[in-house]
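Given next are the chains, with one letter for each unit.
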Amino acid sequence: METKLDELWKLMGEIHKALCDKHDAIKKHEEQLTLLKQQQEPSARIVLNIGGTLFETQASVLTSERAVDSMFYAIGANWFQNDDEVFIDRDGTLFPVILNWLRGVGTVNDVLPSDTWADSPHLEREFELTMLIREAKYYGLDALVEDLSTQFRQCGQALCTLGLSSTREQYYQRVSPTRLY
């Protein structure tokens, strides 16, 4: 009787190992298909619905080096042509700056809306930078957060030179990038 049980246990172990091997092979095959899909369709168009505003870009933009470890990389890497738009419940008015930065337009200075900022007071610029920092943090774009934070500090220094340090301190108490979360 014991030999029959031993044989059954051995057989069950072999079946279990075979199933695990098949599972691993299927998983590896799925990963290879995903990589092939990305290589074959770098220009696949993706529609992002950000807070009700539609943006269209390519999968290659969302899987670029700037997007690694971000929400966008995951979206771009898992995109399939027949998928509907991707809805993200965030501020669509700030998203063009983020998308242009992802596209590699240049540095953060190149994508900030300088034409509208030229006439706006420093406090408004600081507020918009703070909001952009918040959005970039949400999306997991650490390099953009760092670039925007540098701009934020430079904007604050400009306030000091204008003699607005007390206003600046009050503003920092209300809206500070370190207090966003």
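The structure this text deals with has already been given above.
A.B. asks: Give a description of the packing of aromatic side chains that names residues and reports values.
C.D. replies: Enumeration according to the criterion identifies five aromatic pairs in this entry. Relative to Phe95, the ring of Phe72 has its centre 5.7 Å away and its plane inclined at 50°; by these criteria the two rings are tilted. Note that Phe72 is positioned in helix α3 (residues 71-77) and Phe95 in helix α4 (residues 95-102), a separation of 23 residues in sequence. Considering the side-chain rings of Tyr138 and Tyr139, the 5.4 Å spacing of their centres and the 75° angle between planes classify their relative orientation as edge-to-face. Overall, Tyr138 belongs to the partly exposed group, its relative accessible area being 34%. Here Tyr139 falls in the buried class, since its relative accessible area comes to 1%. Here the aromatic residues Phe55, Phe72, Phe95, Tyr138 and Tyr139 are joined through ring pairs into a cluster of three or more. Across from the ring centre of Trp101, 4.7 Å away, lies the NZ or CZ of Arg66, which sits over that ring.

A.B. asks: Help me get a handle on a nonpolar patch on the surface, residues and values and all.
C.D. replies: On the surface, a cluster of nonpolar side chains totalling about 750 Å² of accessible area is made up of Leu5, Leu8, Trp9, Leu11, Met12, Ile15 and Leu19. Mapped onto the elements of the fold, Leu19 is located in helix α1 (residues 2-40). Assessed through its relative accessible area of 56%, Leu19 is described here as exposed.

A.B. asks: Explain the pairing of strand β1 (residues 45-50) to me, using residue names and the numbers behind them.
C.D. replies: Examined bridge by bridge, β1 and strand β2 (residues 53-58) share six bridges and lie antiparallel to one another. Residue pairing in the sheet places Leu48 in a bridge with Phe55 of β2. Counting the residues between successive antiparallel strands, the hairpin from β1 to β2 contains two residues, one of them, Gly51, with a positive phi of roughly 60°. With three bridges joining them, β1 and strand β3 (residues 86-88) adopt parallel strand pairing. Directly across from Ile50, in β3, lies its bridge partner Ile88.

A.B. asks: Before we move on, could you go through the sheet that holds β2 and cite the residues and values that matter?
C.D. replies: The sheet built from three strands is open, its strands ordered β2-β1-β3 with mixed pairing. Pairing within the sheet leaves two strands with one partner each, and these edge strands are β2 and β3. Neighbour-to-neighbour, the strand axes of the sheet open up by a mean angle of 25°, direction not taken into account. Strands β1 and β2 of the sheet are contacted by α4, whose axis makes an angle of about 0° with β2.

A.B. asks: Quick one: what's the story with the pattern of salt bridges, residue by residue and with numbers?
C.D. replies: All told, the structure shown has three salt bridges when counted by the stated rule. Arg45 is the partner of Glu56 in a salt bridge, and the nearest nitrogen-oxygen pair spans 2.4 Å. Pair noted here: Glu56 is in strand β2 and Arg45 is in strand β1, with a separation of eleven residues, a long-range link. By relative accessible area, Arg45 is classed as exposed at 57%.

A.B. asks: How would you sum up α4? Please name residues and give values.
C.D. replies: Counting buried residues along α4, six of its eight residues qualify, which places the element largely inside the surrounding structure. Of all the positions in α4, only Phe95, Val97, Ile98, Leu99, Trp101 and Leu102 are classed as buried. In the stretch just after α4, Gly104 is the one whose phi turns positive, near 80°.

Criteria and thresholds
- Residues numbered from 1 in each chain as written.
- Predicted model: local features only at pLDDT ≥ 70, side-chain atom pairs only at ≥ 80, totals over all residues.
- Heavy atoms only, no water.
- Phe/Tyr/Trp six-rings, centres within 6.5 Å; stacked < 30°, edge-to-face > 60°.
- Helix = DSSP H or I, 4+ residues; strand = E, 2+ residues; numbered from the N terminus.
- Buried < 20%, exposed > 50% of the residue type's maximum accessible area, 1.4 Å probe, protein only.
- Lys NZ or Arg CZ within 6 Å of the ring centre and 35° of its normal.
- Patch = residues over 30% accessible without salt bridge, like charges linked within 9 Å, V, L, I, M, F, W, Y side chains within 5 Å.
- Areas by Shrake-Rupley, 256 points an atom, 1.4 Å probe, with all protein chains shown as cover.
- Salt bridge = Lys/Arg side-chain N within 4 Å of Asp/Glu carboxyl O.
- Pairing = 2+ DSSP bridges.
- Axes fitted to C-alpha atoms, helices over the stretch in contact; angles between N-to-C directions.
- Contact = heavy atoms within 4.5 Å.

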